[in-house]
Amino acid sequence: MTVYFIGAGPGAADLITLRGARTLGRCRVCLYAGSLVPPELLAECPPDARLVDTAGLDLDQITAEFAAAHEAGHDVARLHSGDPSVFSAVAEQMRRLDAAGIPYEVVPGVPAFAAAAAALGRELTVPTVGQTVILTRIAQQATPMPDGEDLATLGRSRALLVLHLAARYVDRVVGELLPHYGPDCPAAVVAMASRPDELVLRGTLADIADQVKAAGVVRTAVIMVGRTLAAEQFRDSHLYSPERDRPHPACDTPGT
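The shown structure was predicted, so the numbers you read here are calculated from the model rather than taken from an experiment.

Rules behind the numbers
Residues numbered from 1 in each chain as written. Predicted model: local features only at pLDDT ≥ 70, side-chain atom pairs only at ≥ 80, totals over all residues. Heavy atoms only, no water. Domains from an automatic or database assignment. Contact = heavy atoms within 4.5 Å. Buried area = accessible area lost by both parts, 1.4 Å probe. Salt bridge = Lys/Arg side-chain N within 4 Å of Asp/Glu carboxyl O. Polar contact = N/O pair within 3.5 Å; in protein donor to acceptor, adjacent residues only side chain to side chain. Nonpolar A, V, L, I, M, F, W, Y, C, P; charged D, E, K, R; others polar. Axes fitted to C-alpha atoms, helices over the stretch in contact; angles between N-to-C directions. Helix = DSSP H or I, 4+ residues; strand = E, 2+ residues; numbered from the N terminus. Parallel < 35°, antiparallel > 145°, perpendicular 65-115°, else oblique. Left-handed = near helix turned anticlockwise from the far one by under 90°. Buried < 20%, exposed > 50% of the residue type's maximum accessible area, 1.4 Å probe, protein only. Phe/Tyr/Trp six-rings, centres within 6.5 Å; stacked < 30°, edge-to-face > 60°. Pairing = 2+ DSSP bridges.

This next bit is on the domain arrangement of the chain. Annotation of the chain at the domain level lists domain 1 (3-107) and domain 2 (112-230). Taken together, the eight residues of domain 1 in the interface contact 10 residues of domain 2. Across the domain 1 to domain 2 interface the summed buried area is about 730 Å²; carbon plus sulfur atoms make up 64%. The tally of links between domain 1 and domain 2 comes to zero salt bridges. Our count for the contact surface shared by domain 1 and domain 2 stands at two residue pairs in polar contact (both at pLDDT 80 or more). Across the side of domain 1 that touches domain 2, the residue classes tally to six nonpolar, two polar and no charged.

The following block contains the structure:
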């Protein structure tokens, strides 16, 4: 028996990976966050699978579901929105599974920031403009941020910032970033990325907060701030430069 932590993707049911869908299709138990995971994905589960919405469960109750499945010898699909590697609360579940001696694996998914970048039609790393992306959040009715990871500190880098779980506090975000990025810095908010009701807001630090409040966006959104969001004048990357030395195609042929 194995618990599979599966990245369900940012919202669109067809953005789960093939591995994720195939794993989901053979697990007799599926634990999922009903408010975040698209219900269409549950159709991938076996017809007789036990489906458990974890939205109203605490960590002890979730762990008890793992233990019961382990006792019965049933694999578990633990569906998490986006990708399990960031802001998923997977680490604390793994710690409980380690203590109980229950094996687990992780199946990556499409993260929300990648879906948001796709909606914007933007590469987040642009030559000579920005090559660093910081994924973060703010401490507001949530676990406190570690020392040195507050927005004021991270903003000094002027790297592209991607903020999760912060749309409700957009005024605070703007206030803390303005001294470092300036009012003309490009900013964007993507809510419900990849879903039918996806909403894309584009602007600058000077006006993005008003746009967010006017649109009524308070959750399921990412905020992006950085110069790469509107970069037009930049040098081509070295990857495809005609000046770069390249091996002759024959050199890549097996046996040559």
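Moving on, we get to the packing of helix 2 (residues 59-72) against helix 3 (residues 90-100). Contact geometry for helix 2 and helix 3: axes closest at 11 Å, N-to-C directions at 50 degrees. One way to sum up the angle between helix 2 and helix 3 is to call them oblique. Judged by the twist between their axes, the crossing of helix 2 over helix 3 is right-handed. Contacts between helix 2 and helix 3 involve Leu59, Asp60, Ile62, Thr63 and Phe66 from the former and Glu92, Gln93, Arg96 and Leu97 from the latter.

On to the side chain of Gln93. Mapped onto the fold, Gln93 is located in helix 3. The exposure class of Gln93 is buried, given its relative accessible area of 3%. If we ignore the near neighbours within four places in the chain, the residues touching Gln93 are Phe5, Leu59, Ile62, Phe66, Arg78, His80 and Ser88.

A word on the side chain of Glu65. Turning to its location among the elements, Glu65 is positioned in helix 2. Leaving out residues up to four positions away in the same chain, Glu65 has contacts with Leu31, Arg50 and Val52.

Per the stated rule, a full pass over the model turns up two aromatic pairs. With 6.3 Å between their ring centres and 80 degrees between their planes, Phe5 and Phe66 make a pair best called edge-to-face. With Phe5 in strand 1 (residues 3-7) and Phe66 in helix 2, this pair connects stretches of sequence that are 61 residues apart. The exposure classification of Phe5 matches that of Phe66, with both residues buried. With a centroid separation of 6.1 Å and 75 degrees between ring planes, the pair formed by Phe5 and Tyr104 is classed as edge-to-face. Pair noted here: Phe5 is in strand 1 and Tyr104 is in strand 5 (residues 104-107), with a separation of 99 residues, a long-range link. Given the relative accessible area of 26%, Tyr104 is considered partly exposed.

Below, the discussion takes up unusual backbone geometry. A positive phi angle is found at Ala89, which is not glycine, with a value near 60 degrees. Following the sequence through the fold, Ala89 ends up in the loop between strand 4 (76-80) and helix 3. With relative accessibility at 42%, the residue Ala89 sits in the partly exposed group. Phi is positive for Thr220, close to 50 degrees, though the residue is something other than glycine. Judged by its relative accessible area of 25%, Thr220 falls in the partly exposed class.

This part takes up the sheet that holds strand 6 (residues 133-136). An order of 6-7-10-8-9 is seen for the five strands of this open sheet, with the pairing classed as mixed. Each edge of the open sheet is held by one strand with a lone partner, namely strand 6 and strand 9 (199-204). Neighbour-to-neighbour, the strand axes of this sheet turn through a mean angle of 15 degrees, independent of strand direction. Strand direction decides the pairing type here: strand 7 (residues 160-164) and strand 10 (residues 221-225), joined by four bridges, are antiparallel. Counted as the bridge partner of His164 is Val222 from strand 10. Helix 4 (residues 112-120) rests against strand 6, strand 7, strand 8 (186-191), strand 9 and strand 10 of the sheet, and its axis sits at about 65 degrees to strand 10. Sheet strands in contact with helix 6 (residues 170-181) are strand 7 and strand 10, and its direction is about 15 degrees off that of strand 10.

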